[in-house]
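Overview (structure and organization)
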Amino acid sequence: MCASTVGESVGDLAYLKHDSSIEPSGFELVTHPMEYRYAVEQFPWELLEQLEELGCRSDHSVGIHVHVSRDGFDSAAHIFRWAKLIYRNESQTVALARRRSNYAAFSPIARARVKHTAKDDLPRFGMDRYQAINPHPRKSLEVRVFAGSLNPQQVQAALAFVAATVEYTRALTCTQVVRHGGWEWEQFTTWVTQHEDYAPLRAEMEALECAS
């Protein structure tokens, strides 16, 4: 019944698949590529609450994985700035994600290879896909940190975090980083509060007390 409810609600926006990390009776909901704003406006968010009422559950044992296309960045330098922002703010990102997971690790190896991730010339040895930022998909980067949820605000906040970090770092300059703390969490959260598009992220940051 839950699967058929999803199918009737999402239409062409998403599909269901099996994942080995989910119980035999469970399923994974996978959306097709879409822009952040389109997802917030067009996805049937009431579906998540309907699923909860039907007895479905999602928690920290499974994750929300958000892919961002490499084509969405201006350059390899932009990817570098973006990844550094996330890795330099591990504790805040983990708090916002509502979990710390071995399947989304902030590993020293991944940190050391951010330049390779940005240039898409990553040495494959010793670097699996279970990183906070999985660099292995061919045309995207996968942010794996967020805990699963049936709470619309939490899911929207995960999407907003990825979109906001990409846009925040798009025009971030070396001067802003070196002299004005451009990679600091407080600078990022201040920027988020100035952009209404990311209201779900701001609300979740405030709810989890990681807004500064």
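Details of the structure are given in the entry above.
**Considerations on the overall build of the chain**
Counting its secondary structure elements, the chain contains 11 helices and five strands. A compact globule built from 212 residues would reach a C-alpha radius of gyration of about 17 Å, and the chain, at 17 Å, matches this within 12%. Here the C-alpha coordinates of the chain stretch approximately 55 × 40 × 30 Å along the principal axes. When the 212 residues of the chain are sorted by exposure, 44% land in the buried category. For the chain, contacts bridging at least 24 residues in sequence account for 67% of all contacts bridging at least 6. On the chain, roughly 11,500 Å² of surface is accessible, and the fraction owed to carbon and sulfur atoms is 49%.

**Some details on the nonpolar core**
By size, the foremost hydrophobic cluster in this structure holds 57 residues, and its most contacted members are Trp82, Phe161, Phe188, Tyr198 and Leu201. Contact partners of Trp82, with chain neighbours within four places excluded, come to Val68, Phe73, Ile133, Leu141, Val143, Val162, Thr165, Val166 and Thr169.

**What about the packing of aromatic side chains?**
Two aromatic rings, taken as a pair, are described by how far apart their centres are and by the angle between their planes. Tallied over the full model, the rule gives 13 aromatic pairs. Note on Tyr103 and Tyr130: the rings are 5.3 Å apart at their centroids and 80° apart in plane angle, and the pair reads as edge-to-face. Placement of the pair is Tyr103 in the loop between α5 (90–97) and α6 (108–112) and Tyr130 in the loop between α7 (114–119) and β4 (133–134), with a sequence separation of 27 residues. The class of Tyr130 is partly exposed, set by a relative accessible area of 28%. Ring geometry for Tyr168 and Phe188: centres 5.5 Å apart, planes at 70°, overall edge-to-face.

**Points about the pattern of salt bridges**
Counted under the stated rule, the structure contains 10 salt bridges. A salt bridge links Arg57 to Asp59; the nearest nitrogen and oxygen atoms lie 3.3 Å apart. Residue Asp59 is classed as partly exposed on the basis of its relative accessible area of 27%. Across the pair Arg70 and Asp120 runs a salt bridge whose closest N-O atoms are separated by 3.5 Å. Here Arg70 is found in the loop between β3 (63–69) and α4 (76–88), whereas its partner Asp120 is found in the loop between α7 and β4, with 50 residues between them in sequence. Overall, the relative accessible area of 13% leaves Arg70 in the buried class. For Asp120, a relative accessible area of 36% gives the class partly exposed. Members of the salt-bridge network, linked through shared partners, are Asp74, Glu167 and Arg170.

The rules we used
Residues numbered from 1 in each chain as written. Predicted model: local features only at pLDDT ≥ 70, side-chain atom pairs only at ≥ 80, totals over all residues. Heavy atoms only, no water. Helix = DSSP H or I, 4+ residues; strand = E, 2+ residues; numbered from the N terminus. Rg over C-alpha atoms; globule rule 2.2 N^0.38 Å. Buried < 20%, exposed > 50% of the residue type's maximum accessible area, 1.4 Å probe, protein only. Contact = heavy atoms within 4.5 Å. Areas by Shrake-Rupley, 256 points an atom, 1.4 Å probe, with all protein chains shown as cover. Core = buried A, V, L, I, M, F, W, Y, C linked by side-chain atoms within 4.5 Å. Phe/Tyr/Trp six-rings, centres within 6.5 Å; stacked < 30°, edge-to-face > 60°. Salt bridge = Lys/Arg side-chain N within 4 Å of Asp/Glu carboxyl O.

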